[in-house]
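One letter stands for each residue in the lines below.
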Amino acid sequence: MSQIISILKTNFFLICFLSIFFYIPLSSIFYLNLNSGMTNWVELFNNPLFFRFLTFTITQSILSIILSSSIGLITGYFLANSNIPFRSFFRAALTVPFLFPPLVLLLGFVILFDSSGILSNLFTNYSFDPFSFNGIIIAHSLYNISLMTRILESGFLSEPESFHQLADSLGVNKWTKFKNITFPHIKPYFLSAILLVFLYTFNSFAIVLILGQVKLQTLEVMIYNQTKLRLNYEFASSLVIIQLLLNLSIIYLYTKQTSYEAENSALTIKQYTKFNIWPFLFIIFITILTWIPFILLFFSVIEGLIQAPSIVIDQLFSGDYDRFLGTSSSRVLLNSIIFGIFTSIFTISMILALIYSSLQFNTNKIDRLTSPIILIPMATSAITISFALIQTHGQFSFFSDFVSIYILSAHIIAALPFTSRVLFSSFSRVPKEFIIAAKTFGLSNFKIMYSIIMPLIKSGLLIAFLFSFAISLGEFGATYYLARGEWTTLSLAIERLFASRNTLLPNLYASLLVIFSLLIFWVIEKFGSVDLRL
């Protein structure tokens, strides 16, 4: 009992934070739904738009998975099994795009596919509309190729080389080797990649909000429209419950798959055959394909700077666009940095408190304690969290006066699953013998934490800080829902200026986000490695 009280004291801030900004707000949505009886459920199931948008949400997720997994499977196989020059470069180049905020991809996507875009100028009979169902599928697929490739490459690398050598000595054909060796090893990786991509596309907000243009909505966009625009909170509460249950089901299946991967995570050093030009050309093509939107984005900014540098400077500093942004350009950049830094500090502090608790408690029990803390926020979308915060706190003047605190809380909740994964993984690699020996010599838990654990996980701390910063920097849904006036961030500024049909300034902001993300990726790769999984 005393151990439990000690753990509650150690994690007092985390418990209070999640209670005030997550669990109590989320429970208020359930209470709202329960209080309204069956009326809102009858309204929901009698609403043809609900079934139309639910069908769209699931269909676009499945089609995005098919397209991205088809490309990712081949790309991952070639990276793992072919003799490709500059393998590390291509692996990095195919990973980075997933770290970019979706809005950055959207701007490059529109530059490429819009009726006044690059392809329209190149081909006279060009008629593709990016603001359509097909546009959403292609945008989601381009965004998720990186994720699919990275996870599936790990799956192919998990195959023991000795199995193939034995099969070759017995004269086993390629199909039998694939069926009995390759497929069983890549299956859990493939399933976890599919579930993760489904989770991202099922809860997609920014891409569908902009490319769907009201006529196409995921459940996430539908919740936003029902709460923010129509003020139909009871109806939206039913949508939230359906979305949350589906998300929890997906995450449960995903965690089952990743637990298998953790038990079978040894990677094989491949003995590559002679160089083959076709896999190399395919990798080059896919790399260019994933980077085209971002390259075009940079070119559009460079072109604007070369042709009319005074206009760019004027747009940045004249204040003519402040009415769209709600604040100045310099304040937009400052807001993004402030939210990113405080998100990183708070998330790391809370996870370190949990790690400290594990010194006082049995490790298995601490895992059971932290699982629901991390799992449920992971299954709750940014729009749902924002709706819940307004539902609970919006009636108080404090909410309007200090809305920045609520934006920051949403960023922290979004970053917690990634931060916890990085730091728990780093902590698991600390030799347990060190901790046992330190306790034998009478060192306090604080001394063990400060003198042994912290130095050994310092690279993990840096990676967790940068990951949290990157997530906050690219966060759009909650900021779009909650922010007003002076608390506009870079992501929100891009959307507002894009809606005003100004292209140069949002492209410049997007380029800044790309540069930030590249720097973060470079530092993470220097001190560890990027794991795109939750």
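You'll find the structure just up there.
Now for a description of the structure that goes with this document. (Residues numbered from 1 in each chain as written. Predicted model: local features only at pLDDT ≥ 70, side-chain atom pairs only at ≥ 80, totals over all residues. Heavy atoms only, no water.)

### Points about the overall build of the chain
Selection criterion: Segments assigned H or I by DSSP are reported as helices when at least four residues long, segments assigned E as strands when at least two residues long, and all are numbered from the N terminus. Buried, partly exposed and exposed residues are distinguished by accessible area as a fraction of the type maximum, computed with a 1.4 Å probe on protein chains only: under 20%, between the cut-offs, and over 50%, respectively. Contacts were defined at the residue level, with two residues in contact if any of their heavy atoms lie within 4.5 Å. Shrake-Rupley sampling with a 1.4 Å probe provides the accessible areas, and residues are treated as covered by the protein chains on show and by no other component.
Helix and strand counts for the chain come out as 27 helices and zero strands. Looking at the chain as a whole, 54% of its 534 residues qualify as buried. Across the chain, the fraction of contacts at a sequence separation of at least 24, relative to all contacts at a separation of at least 6, is 82%. Put simply, the chain shows about 24,200 Å² of open surface, and 67% of that area lies on carbon and sulfur atoms.

### Brief notes about helix H26 (residues 490-499)
By the criterion of burial, H26 is predominantly enclosed, with nine of the ten residues buried. Among the residues making up H26, those that are buried are Leu490, Ser491, Leu492, Ala493, Ile494, Glu495, Arg496, Leu497 and Phe498.

### Regarding the nonpolar core
Across soluble globular proteins, nonpolar side chains show a tendency to be buried alongside one another. Just so we agree on the cut-off: Definition used in this section: a nonpolar core is a set of buried Ala, Val, Leu, Ile, Met, Phe, Trp, Tyr and Cys residues joined via side-chain atoms within 4.5 Å.
Grouped together as the largest cluster of nonpolar side chains are 154 residues, with contacts concentrated most on Ile453 and Leu482. Among the elements that take part in this core, helix H21 (residues 403-428) stands out by supplying eleven residues, more than any other. Apart from the residues lying within four places of it in its own chain, the contact partners of Ile453 are Ile355, Leu359, Phe427, Ile435 and Ile448.

### What to know about H21
What sets the pattern is the α-helix's 3.6 residues per turn: residues three or four places apart point alike. Note the cut-off: Here a helix's expected span is defined as the number of its residues, less one, multiplied by 1.5 Å. One axis is fitted to the seven residues ending at the residue and one to the seven starting there. The bend at that residue is the angle between these axes.
Here H21 is 26 residues long and its end C-alpha atoms lie 37 Å apart, about the 38 Å a rise of 1.5 Å per residue gives. Residue Ala415 marks the point of greatest curvature in H21, where the axis turns by about 40°; the proline Pro417 follows within four residues. Most of H21 sits out of view: 20 of its 26 residues are buried.

### As for unusual backbone geometry
Of note in this structure, Phe86 is not a glycine but carries a positive phi near 60°. Looking at the secondary structure, you find Phe86 in the loop between helix H4 (48-81) and helix H5 (87-95). Using a relative accessible area of 63% as the deciding quantity, one classes Phe86 as exposed. Despite not being glycine, Leu231 has its phi angle at roughly 55°, a positive value.

### Regarding the packing of aromatic side chains
Formally: Note on aromatic pairs: the rings of Phe, Tyr and Trp (six-membered ring only in Trp) are paired at centre separations within 6.5 Å, and the planes decide the class, stacked below 30 degrees, edge-to-face beyond 60, tilted for the rest. Whether a charge sits over a ring depends on NZ of Lys or CZ of Arg being within 6 Å of the ring centre and within 35 degrees of the ring normal.
All chains considered together, the criterion is met by 36 aromatic pairs. On the basis of an interplanar angle of 20° and a centroid distance of 5.5 Å, the ring pair of Phe198 and Phe202 is categorised as stacked. Within this pair, Phe198 and its partner Phe202 are both found in helix H10 (residues 174-202), separated by four residues, close to a single helical turn. Classification of Phe198 as buried rests on a relative accessible area of 17%. Here Phe202 falls in the buried class, since its relative accessible area comes to 1%. An angle of 65° between the planes, with centres 5.6 Å apart, marks the rings of Phe205 and Tyr224 as edge-to-face. On the criterion of sequence distance, the pair formed by Phe205 in the loop between H10 and helix H11 (206-212) and Tyr224 in helix H12 (residues 219-229) is long-range, its members being 19 residues apart. Just as Phe205 is buried, Tyr224 falls in that class too. An aromatic cluster is defined as three or more aromatic residues linked by ring pairs; in this entry it consists of Phe13, Phe17, Phe21, Phe342, Phe346, Phe398, Phe399, Phe402 and Tyr406. The positively charged end of Arg331 is found above the aromatic ring belonging to Trp487, 4.8 Å away from the centroid.

### With respect to the environment of Ser68
This is how the line gets drawn: Under the rule applied, a polar contact is a pair of N or O atoms within 3.5 Å (in protein, one hydrogen donor and one hydrogen acceptor; residues adjacent in sequence only if both atoms are side-chain atoms).
Looking at the secondary structure, you find Ser68 in helix H4. Exposure remark for Ser68: the relative accessible area of 0% places this residue in the buried category. Separated by 69 residues in the primary sequence, Ser68 and Ile137 place their C-alpha atoms 9.5 Å from one another. Within the structure, the side chain of Ser68 is placed 2.7 Å from the backbone oxygen of Ser64, a separation counted as a polar contact.

### Focus: the pattern of salt bridges
Let me state the cut-off plainly: We count a salt bridge whenever a side-chain nitrogen from Lys or Arg sits within 4 Å of a carboxyl oxygen from Asp or Glu.
Applying the stated rule across the entire model yields one salt bridge. One salt bridge in this structure joins Arg91 and Glu153, with 2.5 Å as the shortest N-O distance. Here Glu153 lies in helix H8 (residues 133-157) and Arg91 lies in helix H5, a separation of 62 residues in the sequence. Overall, the relative accessible area of 21% leaves Arg91 in the partly exposed class.

### Notes on the packing of H12 against helix H19 (residues 382-393)
What counts, and what does not: Between the N-to-C directions of two axes lies an angle of 0 to 180 degrees, each axis being a line fitted to C-alpha atoms and, for a helix, fitted only over the stretch in contact. We call two directions roughly parallel when the angle between them is under 35 degrees, roughly antiparallel when it is over 145, roughly perpendicular when it lies between 65 and 115, and oblique otherwise. Each crossing gets its hand from how the near helix is turned against the far one by less than a right angle, where anticlockwise is left-handed and clockwise is right-handed.
Interaxial distance between H12 and H19 falls to 9 Å at its minimum, and their mutual angle equals 25°. Between H12 and H19, the interaxial angle falls into the category roughly parallel. As for how H12 packs across H19, the hand of that crossing is left-handed. Packed against H12, whose contacting residues are Glu220, Ile223, Tyr224 and Thr227, the element H19 presents Ala382, Ile383, Thr384 and Phe387 at the interface.

### Quick word on a nonpolar patch on the surface
Where we set the bar: Residues with no salt bridge and a relative accessible area higher than 30% make up the patches, which join like charges within 9 Å and nonpolar side chains (Val, Leu, Ile, Met, Phe, Trp, Tyr) within 5 Å.
A cluster of nonpolar residues, Leu334, Ile338, Ile341, Phe342 and Ile345, forms a patch on the protein surface that exposes about 390 Å² of accessible area. Its location among the elements puts Ile345 in helix H17 (residues 329-358).

### Regarding the packing of helix H6 (residues 102-113) against H26
The condition is simple: Each residue gets one of three labels, nonpolar for Ala, Val, Leu, Ile, Met, Phe, Trp, Tyr, Cys and Pro, charged for Asp, Glu, Lys and Arg, and polar for the others, Gly among them.
Packing of H6 against H26 leaves a shortest axis separation of 10 Å and a crossing angle of 30°. One element, H6, and the other, H26, form an angle in the roughly parallel class. Contacts from Leu103, Leu107 and Val110 of H6 reach H26 at Ser491, Ile494, Glu495 and Phe498. Here the contact of H6 with H26 is built from residues that sort into five nonpolar, one polar and one charged.

### Regarding the side chain of Gln60
Within the secondary structure, Gln60 sits in helix H4. Within the structure, Gln60 has its side chain in polar contact with the backbone oxygen of Thr57 (distance 3.1 Å). Leave out the neighbours within four places in its chain, and Gln60 touches Phe133, Ile136, Ile137, His140, Thr201, Phe202 and Thr218.

### Regarding the environment of Val221
Position of Val221 relative to the elements: it lies in helix H12. The exposure class assigned to Val221 is buried, which follows from its relative accessible area of 3%. Considered as a pair, Val221 and Leu209 are twelve residues apart in the sequence and their alpha carbons are 6.3 Å apart. If sequence neighbours within four positions are ignored, Val221 has contacts with Ser204, Phe205, Val208 and Leu209.

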